[in-house]
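A closer look at the structure
Single-letter residue listing:
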Amino acid sequence: MSTQLQTAPADLFDLHGDLVVVTGASSGIGQAAAEMYAAAGATVIVLGRSESRVADVVSGIASAGGTAHGFAVDVSVRGAVDAVLGRIVEEIGRPTVVVANAGIAGGASYLADGRLADYSDAEWDEVVATNLTGTFETVRAAARVLDRGGRILVTASTAGMRTDPMVSYAYVATKAAILNFVRQTALELAPRGIRVNAIAPGPFKGTRIGDGKTEISPEFEAEWASTIPLGRMGTMPEIQGPMLFLVSPASAFVTGAILAVDGGAVALSHTAF
Ligand code: NAD
């Protein structure tokens, strides 16, 4: 007996009628996700720290035929995400999806200049404020405004799923912390019909997370590629499908999950390569 199709494949990824808020959407993974959500039919709210970069992303989405609005917000400032979501509800409508994506790298790995004994208070505090407290602030603000059917997506990292000597101490610690925060939030919000998931990208190129530039040296790229079974870094279009999946009807029975998008990196054992 064949299973009857209840939903057409294209409808599984349709976001018409959704109002999707994305933090850290002024570059990199957040921008790529925002553009995909708009292409899938959602009205997108682009949040980022830089007003001019937010405006560029909003106008790029509009030129591609999508609908977007933008606001400048620093997620590490207490109450800032609540305030901007309040404005969005008043001026545009009630969000149905919130993507907590903003994040920073927090300096060098111990393989470079980031040895534990030298790791500065300032670096630690900034990363905790953005990656951990900023994610908490965003997800809590989302829990306050989302209705039944709402979705929350958190951008974590494979660096939170295992050790990663290529990145900083504060980065691995905060990314690990937000994964368990996602699982526990998923439990509380499930009876309200709100799904909460995390995406864990491996190394992607084309973002500003390293030193603010989207280009990286061929040597650095080769170093990262050597840690990936697929033999290369990810590219921006390759994060868009997974980011869409986790907020779309296609993932209706998925909550509390962590989706690694990493070319096989977390599957790697010391004997595998
Ligand atoms: P990116 O630097 O291009 O984007 C980060 C975005 O977050 C930018 O728009 C930045 O302005 C914003 N941001 C940073 N601090 C903020 C703050 N306090 N308030 C508001 N916005 C803030 O880098 P990206 O690689 O696209 O990073 C996006 C997310 O993906 C981060 O959470 C990062 O940890 C995660 N990630 C990236 C990779 C990768 O290889 N690039 C891998 C795993 C996880």
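Reference entry: report on the structure contained in this document. (Residues numbered from 1 in each chain as written. Predicted model: local features only at pLDDT ≥ 70, side-chain atom pairs only at ≥ 80, totals over all residues. Heavy atoms only, no water.)

With that out of the way, let us pick up helix α3 (residues 51-63). Taking 1.5 Å per residue as the helical rise, α3 with its 13 residues ought to reach 18 Å, and the 18 Å between its terminal C-alpha atoms agrees with that figure. Turning to α3, its buried residues are V54, V57, V58 and I61. Viewed along the axis of α3, the buried residues span an arc of 100°, placing them on a single side of the element. Turned more than 90 degrees away from the buried face of α3 sit D56 and S63, all of them exposed. On its buried face, α3 sits against α2 (28-39), β2 (43-48) and β3 (67-72). Positioned one or two residues after α3, G65 has a phi angle of 95°, which is positive. (Helix = DSSP H or I, 4+ residues; strand = E, 2+ residues; numbered from the N terminus. Expected span 1.5 Å × (residues − 1). Buried < 20%, exposed > 50% of the residue type's maximum accessible area, 1.4 Å probe, protein only. Arc of directions from axis to C-beta. Contact = heavy atoms within 4.5 Å.)

Moving on, we get to the packing of aromatic side chains. For the structure shown, the criterion picks out five aromatic pairs. Between Y119 and W124, the aromatic rings sit 6.5 Å apart at their centres with planes inclined by 85°, giving edge-to-face as the arrangement. For Y119, a relative accessible area of 12% gives the class buried. With centroids separated by 6.1 Å and ring planes inclined at 65°, the aromatic side chains of F136 and F181 adopt a geometry described as edge-to-face. Within this pair, whereas F136 is found in helix α5 (residues 121-145), its partner F181 is found in helix α6 (residues 169-189), the two being separated by 45 residues in sequence. Three or more aromatic residues link up through ring pairs in this structure, and these residues are Y110, Y119, W124 and Y169. (Phe/Tyr/Trp six-rings, centres within 6.5 Å; stacked < 30°, edge-to-face > 60°.)

As a further point, take the site of the ligand. Lining the immediate environment of the ligand, one finds 27 residues, of which S27, I29, D74, N101 and Y171 sit closest. With respect to the ligand, the side chain of Y171 contributes an N or O atom lying 2.6 Å from an oxygen atom. Here an oxygen atom of the ligand and a backbone polar atom of R208 are 2.8 Å apart. Coverage of the ligand by the protein chains reaches 95% of its 810 Å² of free accessible surface. Contributing elements (two or more residues each) for the shell around the ligand: α2 and α6. Across the shell around the ligand, the residue classes break down as 11 nonpolar, 12 polar and four charged. (Near = heavy atom within 4 Å. Polar contact = N/O pair within 3.5 Å; in protein donor to acceptor, adjacent residues only side chain to side chain. Areas by Shrake-Rupley, 256 points an atom, 1.4 Å probe, with all protein chains shown as cover. Nonpolar A, V, L, I, M, F, W, Y, C, P; charged D, E, K, R; others polar.)

Further remarks concern the sheet that holds strand β4 (residues 97-100). With respect to topology, seven strands assemble into an open sheet ordered β3-β2-β1-β4-β5-β6-β7, the strand pairing being parallel. Strands with a single pairing partner mark the edges of an open sheet, and in this sheet they are β3 and β7 (258-261). Pairwise comparison of adjacent strand axes, ignoring direction, gives a mean angle of 20° for this sheet. Sheet topology places strand β1 (residues 19-22) next to β4; three bridges connect them, and they run parallel. By the bridge assignment for β4, V22 is matched with V99. This element, helix α4 (residues 80-91), spans β1, β2 and β3 of the sheet and lies at about 145° to β3. Contacts from α6 reach β5 (151-155), β6 (195-201) and β7, with the element oriented near 160° to β6. (Pairing = 2+ DSSP bridges. Axes fitted to C-alpha atoms, helices over the stretch in contact; angles between N-to-C directions.)

A few words now on α4. Between its terminal C-alpha atoms α4 stretches 16 Å, which fits the 16 Å expected from 12 residues at 1.5 Å a residue. Inspection of α4 places A80, V81, V84, L85 and I88 among the buried residues, and these make up the whole buried set. The buried residues of α4 all sit within an arc of 125° when viewed along its axis, so they share a single face. Tucked inside the fold, the buried residues of α4 contact β1, β2, β3 and α5. Among the residues trailing α4, G93 stands out with phi positive, at a value near 155°.

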